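Chain by chain, the residues run as shown.
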Amino acid sequence: MPMPHRTQKQLIKRRLVGKEGGDRIRELRTILTELPDYKNGPYADLRKWVNAQIEESRVRKKVVHRDSIAVRREGAAQIAFVGPPNAGKSSLLQALSSIQIKTGDYAFTTLRPVPALTRLRGVLVQLVEIPGLIEGASEDRGGGRALLGVLRGADAMVLCQDASAPLDGLAAVRAELAAAGIERRAVVAVTKLDEADADTVERISAELGLPALGVSVLDDESLDRLRDELWRLTGLIRVFLRRPGEDDAEPTALRPGATVLDAAAGVHHELAAACTGARVWGSSAKFEGQRVGVAHVLCDDDVVEIV
């Protein structure tokens, strides 16, 4: 008498964790030989599911083993969400943006990098979920070379760690990043915090030697704290550009040390060519509405009228 089909399916999923490409396909074919060959009923459905997984793995193998998977940059900065499989990356990205992503309580729900735009302090920033990296990614296991290629283009990283999971998976991810020579500004997002003890975040931060903050998709305050941290990771400043005589001002992101000329060039090259200076309100000005030249260095939250 075979075991209940639901139990069998869970066991199959466990056997597939960490297996990619040819290894995954071979394991699935082995599983097929072990299943009862029923023509109808739950076990017939289970065999159909395994066959569908084989076909999906074939397609996935062709996709993830290319040398690069392009993600078109949008927004003022790009921040990558990285971590082991099933670390809560998809749920977090969905909570921070309007994108709809397939989520599940099993590994490898996401098969390709998923970009999404969000507003941080009024500025559009691109978040990119990187599918779960596994040990050997730097040697292209699980299509790791292509995924690491996407990471090289990011400005910063959020390392995602399930609050209730051991740190082995994230430690393996960090080892693969180091092997690939990828270093970026980073913070640890301890996910699913509603299921953890109060001291979990401090413990994880201490063990990893990195700043960490706890976050739950069910807690808006924790998501707001993460948004503030994401903005810090961009390394950008925000200034408000407005037309003379108007009250409305649009936020724009600049690199620290940016000048009035840089702000004008960010709007249009013709404006930069015609710019002779600006009036500035904010901490970079000696007084409100100070007239400054094109080489004047702007500060965070300055209001600028290009002249």
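To be clear, the structure that these remarks concern was listed above.
My aim in this report is to walk through the structure given alongside it, one point at a time. Keep in mind the model is a prediction, meaning the values are calculated, not measured. (Residues numbered from 1 in each chain as written. Predicted model: local features only at pLDDT ≥ 70, side-chain atom pairs only at ≥ 80, totals over all residues. Heavy atoms only, no water.)

## What to know about the environment of I12
Examined against the element boundaries, I12 turns out to sit in helix α1 (residues 5-16). In the structure, I12 is positioned 38 residues away from V50 in sequence and 8.9 Å away in space, judged by C-alpha atoms. Excluding residues that lie within four positions of it along the chain, I12 makes contacts with I31, L35, L46, W49 and V50. (Helix = DSSP H or I, 4+ residues; strand = E, 2+ residues; numbered from the N terminus. Contact = heavy atoms within 4.5 Å.)

## Section: the packing of aromatic side chains
The description of two aromatic rings rests on the distance between their centres and on the angle between their planes. Inspection of every chain in the model, using the stated rule, returns one aromatic pair. Arranged with centres 6.1 Å apart and planes meeting at 85 degrees, the rings of Y38 and Y43 form a pair that is edge-to-face. Relative accessible area serves as the criterion here: at 6%, Y43 is assigned to the buried category. The residue whose ring lies beneath R242 is W281, and the NZ or CZ to ring-centre distance is 4.4 Å. (Phe/Tyr/Trp six-rings, centres within 6.5 Å; stacked < 30°, edge-to-face > 60°. Buried < 20%, exposed > 50% of the residue type's maximum accessible area, 1.4 Å probe, protein only. Lys NZ or Arg CZ within 6 Å of the ring centre and 35° of its normal.)

## A few points about the sheet that holds strand β5 (residues 185-191)
Read across the sheet, six strands follow the order β2-β3-β1-β4-β5-β6 without closing on themselves; strand pairing throughout is mixed. Only two strands of the sheet have a single neighbouring strand rather than two, namely β2 (114-120) and β6 (212-214). Direction aside, neighbouring strands of the sheet carry axes that sit 25 degrees apart on average. Alignment of β5 against β6, held across three bridges, turns out to be parallel. Its bridge partner lying in β6, V190 is registered against G214. (Pairing = 2+ DSSP bridges. Axes fitted to C-alpha atoms, helices over the stretch in contact; angles between N-to-C directions.)

## Some details on helix α9 (residues 260-267)
Every α-helix carries 3.6 residues per turn, so stepping three or four residues along brings you back to the same face. Of the positions making up α9, those classed as buried are V260, A263 and A264. The buried side chains of α9 occupy one side of the element, clustering within an arc of 95 degrees when seen end-on. For α9, the secondary structure elements touched by its buried residues are β7 (237-241), β8 (250-254), α10 (269-274), β9 (278-281), β10 (290-292) and β11 (303-306). (Arc of directions from axis to C-beta.)

## Details of the sheet that holds β10
Pairing is mixed in the open sheet, where five strands are placed in the order β8-β7-β11-β9-β10. Two strands bound the open sheet, and with one partner strand each, they are β8 and β10. Across the sheet, the mean angle separating the axes of adjacent strands is 35 degrees when strand polarity is ignored. Pairing analysis gives three bridges linking β9 to β10, with the strands arranged antiparallel. By the bridge assignment for β10, A278 is matched with V292.

## With respect to the packing of helix α4 (residues 89-96) against helix α8 (residues 220-234)
Where α4 meets α8, the axes come as close as 11 Å, and the angle between the chain directions of the two elements is 90 degrees. By the angle class used here, α4 and α8 are roughly perpendicular. Each of L92, A95 and L96 in α4 lies in contact with α8, whose residues at this interface are L223, L226, R227 and L230. Looking at the contact of α4 with α8, its residues break down into six nonpolar, no polar and one charged. (Parallel < 35°, antiparallel > 145°, perpendicular 65-115°, else oblique. Nonpolar A, V, L, I, M, F, W, Y, C, P; charged D, E, K, R; others polar.)

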